[in-house]
Amino acid sequence: MGIVTVNGLQLAYEIHGDDGGLPLLLIAGLGQQRAGWHPDLLATLGRRGYRVIVFDNRDAGESTHLDALGRPDLAAVLAGRFERAPYTLADLADDALGLLGALHIESAHLLGQSMGGMIAQVVALRQPGRVRSLTSLMSHPGDHRVQPSPEALGLFLRPAPDSLDASLLAAQEAQQVLGSPEFAPDEAWLAARTRIYWDRRGDPNGLLRQAAALLSAPDRTADLATLSTPTLVVHGGADPLVPVLGGRLTAAAIPAAELLEIDGMGHDLPRPVWDRVLDKLEDVVHRGEAGRRPLVAAS
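Just so it is clear, the model here is predicted, and its values are computed rather than measured.

Chemist: Just to check I follow, could you spell out the packing of helix 1 (residues 39–47) against helix 11 (residues 274–290) for this structure?
Modeler: Helix-helix packing is characterised by the crossing angle of the two axes and by the distance between the axes. In contact at an axis separation of 12 Å, helix 1 and helix 11 are set at 40 degrees when each is read in the N-to-C sense. Compared by their axis directions, helix 1 and helix 11 come out oblique. Here helix 1 and helix 11 pass one another in a crossing that is right-handed. For the pair formed by helix 1 and helix 11, the contact residues are Asp40, Leu41, Thr44 and Leu45 on the first element and Trp274, Leu278 and Leu281 on the second.

Given below as structure tokens:
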């Protein structure tokens, strides 16, 4: 684990895999921490030849929490007063770019999950030369036709847990709503992840500040049409939080995108689908590496 200062903030990060592996930056979703990536998945990525960087976004985990910004007025943001958002998806994208710079990584393959997929899209739009390939997982292009189910939305309207036991119960309830209906959950890991989240400071107001950034972001559909970055879009057919329409719209917007829909997958990444997803990831990474211009030695 390390800490770097980026944009005046401290970002906590970890690197998994060999130093010589292909750089792969994983960007977490709303309220998630770097511990949200299953350790066995990180180990598998390392064995597949990646140098995997995971980190806590601002307002999550062991990165800087912007407590002075307080609780955002989500009602105002939802009403279209986007200036009331404490920060933007572009700020979160700049954090990710700043982390790569601090680690002296000129360019990397990006994989973003949920809100992280949106951040990865913005990174690719802002600095396409620094993105070798883009994988957008269970995300969408900012099209407001993509709406969560009432049950999924209700999870974010509950009072924040005030104890570890309450947090564990809330995580179980969230898994029942968001998890993949055709795949058994890894209950031991989910409980362990929840304990780590609790120990590393779950932050309800921080989650809401991230949500304000997400909700105030403009539709990226037209801009994504300009991307030539090799892209993989992965989405579960049973996702209640970001319905599969989100993946279809993302893939349709990006000319170089391939869509992988997985029947029975919800808003998570169950172990039985890892190999299928990582095989497709390998394909898009190969396309990204093939498209890189070789460095010309100075004469």
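Chemist: What should I look at first to understand the confidence of the model for the protein in this one?
Modeler: Low pLDDT marks stretches whose predicted atomic positions should not be read closely. Per-residue confidence for the protein gives a mean pLDDT of 94, with 98% of residues at or over 70. For residues 295–299, every residue scores under 50 in pLDDT, and the model assigns this stretch zero contacts once sequence neighbours within four places are set aside.

Chemist: Would you mind showing me how to read the sheet that holds strand 3 (residues 22–27) here?
Modeler: Strands in a sheet are paired, the pairing made by backbone hydrogen bonds, and the direction either parallel or antiparallel. What the eight strands build is an open sheet, ordered 1-2-4-3-5-6-7-8; its pairing is mixed. Since the sheet does not close on itself, it has two edges, and those belong to strand 1 (2–6) and strand 8 (257–262), each with one partner. Strand-to-strand twist of the sheet, defined as the mean angle between neighbouring strand axes without regard to direction, takes the value 25 degrees. Bridge count for strand 5 (residues 108–113) against strand 6 (residues 131–137) is six bridges, and the pairing is parallel. By the bridge assignment, Gln113 is partnered in strand 6 with Leu137.

Cut-offs used in this document
- Residues numbered from 1 in each chain as written.
- Predicted model: local features only at pLDDT ≥ 70, side-chain atom pairs only at ≥ 80, totals over all residues.
- Heavy atoms only, no water.
- Axes fitted to C-alpha atoms, helices over the stretch in contact; angles between N-to-C directions.
- Helix = DSSP H or I, 4+ residues; strand = E, 2+ residues; numbered from the N terminus.
- Parallel < 35°, antiparallel > 145°, perpendicular 65-115°, else oblique.
- Left-handed = near helix turned anticlockwise from the far one by under 90°.
- Contact = heavy atoms within 4.5 Å.
- pLDDT = per-residue confidence, 0-100.
- Pairing = 2+ DSSP bridges.

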